[in-house]
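Chain residues, written in single-letter form:
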Amino acid sequence: MIPGLEPVPLRELQALGSPRVWSVEGQLDEMPSLTPVRGTIRAEHLGNLLEVEGSVQTIICLRCDRCLGHFNQQLSAVSRELIWLGTEPSDDHLAQTGLDPTSPEGLMECLDPRGDFEPERWIYEQLSLQMSVVNRCGEHCPGMPQQPADGAASHGEKSPDPRWQALKDLQSSMQRNGTHHD
Ligand SMILES: [Zn+2]
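Figured I'd write up the structure that's included with this text. These numbers were taken from a predicted model, which means no experiment stands behind them.

## Regarding the pairing of strand S3 (residues 37-45)
- By the bridge criterion, seven bridges tie strand S2 (residues 20-26) to S3 in an arrangement that is antiparallel. Note that in S3 the partner of Val24 across the bridge is Gly39.
- Taken together, S3 and the strand that follows it, strand S4 (residues 49-63), pair antiparallel across an intervening segment of three residues, in which Gly47 is found at a positive phi of about 90°.

## Structural notes on the coordination of the zinc ion
- Protein coordination of the zinc ion is provided by Cys64 (SG), Cys67 (SG), Cys137 (SG) and Cys141 (SG), with donor distances spanning 2.3 to 2.4 Å.
- Of note is the zinc ion, whose four donor atoms meet at the metal with angles of 104 to 115° in an arrangement that counts as tetrahedral.
- Donor residues for the zinc ion sit on one chain with the sequence pattern C-x2-C-x69-C-x3-C. Taken as a pair, Cys64 in the loop between S4 and strand S5 (70-85) and Cys137 in the loop between helix H3 (119-130) and helix H4 (162-178) lie far apart in primary sequence, 73 residues in all.
- Accessibility expressed as a relative area gives 1% for Cys64, which makes it buried.

## Let's talk about the packing of aromatic side chains
- Counting across every chain of the model gives one aromatic pair.
- Considering the side-chain rings of Trp22 and Phe117, the 6.0 Å spacing of their centres and the 55° angle between planes classify their relative orientation as tilted. Taken together, the residues span a long stretch of sequence, with Trp22 in strand S2 and Phe117 in strand S7 (residues 116-117) at a distance of 95 residues. By the burial criterion, Trp22 is buried, and Phe117 matches it.

## Here we look at the nonpolar core
- With 29 residues, the main nonpolar core has Leu50, Phe117, Ile123 and Leu127 as its most contacted residues.
- Secondary-structure elements contributing two or more residues to this core are helix H1 (10-16), S2, S3, S4, S5 and H3.
- With sequence-adjacent residues up to four places away left out, Ile123 is seen in contact with Leu5, Val24, Leu28, Val37, Ile41 and Val56.

## Here we look at the pattern of salt bridges
- Counted by the stated rule, this structure contains eight salt bridges.
- One salt bridge connects Glu44 with Arg42, and the closest N-O pair in it is separated by 3.2 Å.
- With a shortest N-O distance of 3.0 Å, Glu53 and Arg42 are connected by a salt bridge. Taken together, the residues span a long stretch of sequence, with Glu53 in strand S4 and Arg42 in strand S3 at a distance of eleven residues.
- For Glu53, a relative accessible area of 29% translates into the label partly exposed.
- The network of salt bridges with common partners includes Arg42, Glu44, Glu51, Glu53 and Arg80.

Conventions used here
- Residues numbered from 1 in each chain as written.
- Predicted model: local features only at pLDDT ≥ 70, side-chain atom pairs only at ≥ 80, totals over all residues.
- Heavy atoms only, no water.
- Pairing = 2+ DSSP bridges.
- Helix = DSSP H or I, 4+ residues; strand = E, 2+ residues; numbered from the N terminus.
- Donors = N, O, S within 2.8 Å, 3.2 Å for Na, K, Ca; no water.
- Tetrahedral: all angles 85-135°; square planar, octahedral: opposite > 155°, others 65-115°.
- Buried < 20%, exposed > 50% of the residue type's maximum accessible area, 1.4 Å probe, protein only.
- Phe/Tyr/Trp six-rings, centres within 6.5 Å; stacked < 30°, edge-to-face > 60°.
- Core = buried A, V, L, I, M, F, W, Y, C linked by side-chain atoms within 4.5 Å.
- Contact = heavy atoms within 4.5 Å.
- Salt bridge = Lys/Arg side-chain N within 4 Å of Asp/Glu carboxyl O.

Encoded structure:
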């Protein structure tokens, strides 16, 4: 939990009548990082919309999918998002607010206007979006490890003829059933 980033009721932001700004410094529970997440986030209640913008960064430790070695990666997110307050917005609603529903900035999220805005959750989402699907330690990746330390080697037997495998599976499942006495 990042100190000071407790969920805030949207009504409170509305009553404020001006943007609220948080300075961010701390660890996200869901994303352990080597350095604290640092930055700022700002939210302004605009009636039907909540405008949130922020800039946060941190360094996380990842494991390379190829060589399985660990490496550090800097994550930084600078984003601005409009969140619709209410049920799914209709095109009419959007037209009223002067937003083009087909624009890439189209609304992606809705919040219950009686609910809370969660600054920490927002930061987590923005940083998660920056993470790559495939982790590679870099140009000098040594490649796949030669032999896994555990795994195949720990099975005493040589791999059986695949034609006999089905029979063997059947046999062992019968044995399991046969020795099952409770
Ligand atoms: Zn690697």
